[in-house]
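What the coordinates show
What follows is the residue order along each chain.
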Amino acid sequence: MSEQFSSAERSTFYHIVESRRDVRAFRSDPVPEDVLFRILNAAHHAPSVGLMQPWNFIVIQDPATRAAIKSVFVRENDRAAAVYTGDRAALYGSLKLEGIEEAPINLCVTSDRTRSGPHVLGRNTIIDTDLYSTCCAIQNLWLAARAEGVGVGWVSILDNDDLRRLLEIPPTVEPVAYLCLGYAQEFLDEPELQRRGWATRLPLSDLLFSNRWGNRLPLPLSDPTLLGKRPIG
Ligand SMILES: Cc1cc2nc3c(=O)[nH]c(=O)nc-3n(C[C@H](O)[C@H](O)[C@H](O)COP(=O)(O)O)c2cc1C
């Protein structure tokens with residue numbers, strides 16, 4: 001395997017990372033099976049603790065199941081909305097935070113906490129490393145989908161006990177993500193929550209420490225937000 005990528009390949013990679021978005025508005029045209037399987041295969045190539053590969057992907061097509069999951073979202077979203085008051089409540093209420101019934105594909109990504117038996121290399125102390133591994137798979141999936149022009153939206157305003165019941169997930173398996181996939185109506189050039197004034201991307205320089213917590217590490221770059229637009233040497 002080649003150890004170096006060309007500058008064009010690296011630029012493409014950073015461009016994909018930067019232009020990945022959480023998508024909640026989908027076109028109705030279906031995602032071809034080969035595209036879906038390439039995306040799932042990218043997820044399956046994620047790193048995992050002890051090569052545990054704890055993930056499963058439940059593809060949910062049944063309209064009744066989706067409707068039931070949508071009603072869990074509505075209930076949990078009402079509970080979340082009640083946390084806010086005034087302008088913040090109005091803004092929250094105007095946000096579209098899921099595409100469960102419109103998206104051509106719904107996927108529940110799970111983590112089997114017992115896969116590979118009781119002793120997994122690297123998981124003796126930090127038991128949640130299986131969940132971290134599953135999140136790595138989800139990020140691979142998200143980036144591969146973006147490379148394919150497919151949008152992904154993560155819906156976390158749900159209740160895992162309801163997901164377990166509706167999707168018949170066994171007790172030893174944890175639902176980690178509920179994802180909506182489909183061709184995006186558009187890919188915004190910034191997070192929608194930033195565009196709508198809910199939150200902004202933090203400067204990387206605020207997040208970097210040297211040797212110990214709180215000790216700032218100066219950045220050599222003038223504008224680290226320009227991920228894909230910086231020339232690559
Ligand atoms: C763990 C996780 C849960 C999320 N849950 C939701 C959600 O329930 N609804 C939603 O609209 N977006 C959800 N998002 C998307 C984030 O709001 C989004 O990633 C963030 O605002 C940055 O935007 P971007 O992904 O377009 O760059 C979630 C993202 C993550 C990583």
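For the structure given in this document, a descriptive report is provided here. If you're wondering where the values come from, they're calculated on a predicted model, not measured in any experiment.

1. As for the sheet that holds strand 4 (residues 173-183)
Strands sit in the order 1-2-4-3 across an open sheet of 4 strands; the sheet is antiparallel. Only two strands of the sheet have a single partner each, and these edge strands are strand 1 (55-60) and strand 3 (150-154). Each neighbouring strand pair of the sheet contributes to a mean axis angle of 30 degrees, computed without reference to strand direction. Of the strand pairs in this sheet, strand 3 and strand 4 are connected by 5 bridges, and their pairing is antiparallel. When the bridges of strand 4 are listed, V152 appears paired with L181. Together, strand 1, strand 2 (105-112), strand 3 and strand 4 form the strand contacts of helix 2 (residues 33-44), whose direction differs from that of strand 1 by roughly 155 degrees. Helix-sheet contacts for helix 6 (residues 160-167) involve strand 1, strand 2 and strand 4, and the interaxial angle to strand 4 is about 80 degrees.

2. Quick word on the packing of aromatic side chains
Counted by the stated rule, this structure contains 6 aromatic pairs. Ring geometry for Y92 and W198: centres 5.9 Å apart, planes at 55 degrees, overall tilted. Of this pair, Y92 sits in helix 4 (residues 86-94) while W198 sits in the segment after helix 7 (192-195), placing them 106 residues apart in sequence. Considering the side-chain rings of W142 and W154, the 6.1 Å spacing of their centres and the 50 degrees angle between planes classify their relative orientation as tilted. With W142 in helix 5 (residues 129-147) and W154 in strand 3, this residue pair connects regions lying 12 residues apart in the sequence. For W154, a relative accessible area of 27% gives the class partly exposed. Here the aromatic cluster, defined as three or more aromatic residues joined through ring pairs, consists of Y84, Y92 and W198. Lying across the ring of W142, R20 places its NZ or CZ 4.5 Å from the centre.

3. Considerations on the site of the ligand
In the vicinity of the ligand, the contacting residues are R20, R21, D22, R24, L97, W154, V155, S156, I157, P191 and L193. Residue W154 places a main-chain N or O atom 3.2 Å away from a nitrogen atom belonging to the ligand. Contacts to the ligand include S156, whose side-chain N or O atom sits 2.7 Å from a nitrogen atom. In isolation the ligand has 620 Å² of accessible area, and contact with the protein removes 73% of it. Of the residues assigned to the shell around the ligand, the class counts are 6 nonpolar, 1 polar and 4 charged.

4. Considering a nonpolar patch on the surface
On the surface, L202, L204 and L207 cluster together into a nonpolar patch covering about 280 Å² of accessible area. Within the secondary structure, L207 sits in the segment after helix 7.

5. A short note on helix 5
Helix length check: helix 5, at 19 residues, gives a terminal C-alpha distance of 27 Å against a target of 27 Å (1.5 Å per residue), a fit within 8%. One or two residues past the end of helix 5 sits G149, with phi positive at roughly 80 degrees.

6. Some words on the pattern of salt bridges
Under the counting rule described, the total for this entry stands at 20 salt bridges. D162 is the partner of R75 in a salt bridge, and the nearest nitrogen-oxygen pair spans 2.7 Å. You can see R75 sitting in helix 3 (residues 63-81) and its partner D162 sitting in helix 6, a full 87 residues away along the chain. Look at R75 and you get partly exposed, because its relative accessible area is 37%. When its relative accessible area of 11% is taken as the criterion, D162 is described as buried. What you see here is one network of salt bridges that share partners, running through R75, E76, R79, D159, D162 and R165.

7. Some points on unusual backbone geometry
A positive phi angle, near 55 degrees, is found at L51, a position not held by glycine. Looking at where L51 falls in the secondary structure, it is placed in the loop between helix 2 and strand 1. Its relative accessible area of 61% is what places L51 among the exposed residues. Here the phi dihedral of Q53 falls at roughly 45 degrees; this positive angle occurs in a residue that is not glycine.

Thresholds, definitions, all that
Residues numbered from 1 in each chain as written. Predicted model: local features only at pLDDT ≥ 70, side-chain atom pairs only at ≥ 80, totals over all residues. Heavy atoms only, no water. Pairing = 2+ DSSP bridges. Helix = DSSP H or I, 4+ residues; strand = E, 2+ residues; numbered from the N terminus. Axes fitted to C-alpha atoms, helices over the stretch in contact; angles between N-to-C directions. Contact = heavy atoms within 4.5 Å. Phe/Tyr/Trp six-rings, centres within 6.5 Å; stacked < 30°, edge-to-face > 60°. Buried < 20%, exposed > 50% of the residue type's maximum accessible area, 1.4 Å probe, protein only. Lys NZ or Arg CZ within 6 Å of the ring centre and 35° of its normal. Near = heavy atom within 4 Å. Polar contact = N/O pair within 3.5 Å; in protein donor to acceptor, adjacent residues only side chain to side chain. Areas by Shrake-Rupley, 256 points an atom, 1.4 Å probe, with all protein chains shown as cover. Nonpolar A, V, L, I, M, F, W, Y, C, P; charged D, E, K, R; others polar. Patch = residues over 30% accessible without salt bridge, like charges linked within 9 Å, V, L, I, M, F, W, Y side chains within 5 Å. Salt bridge = Lys/Arg side-chain N within 4 Å of Asp/Glu carboxyl O. Expected span 1.5 Å × (residues − 1).

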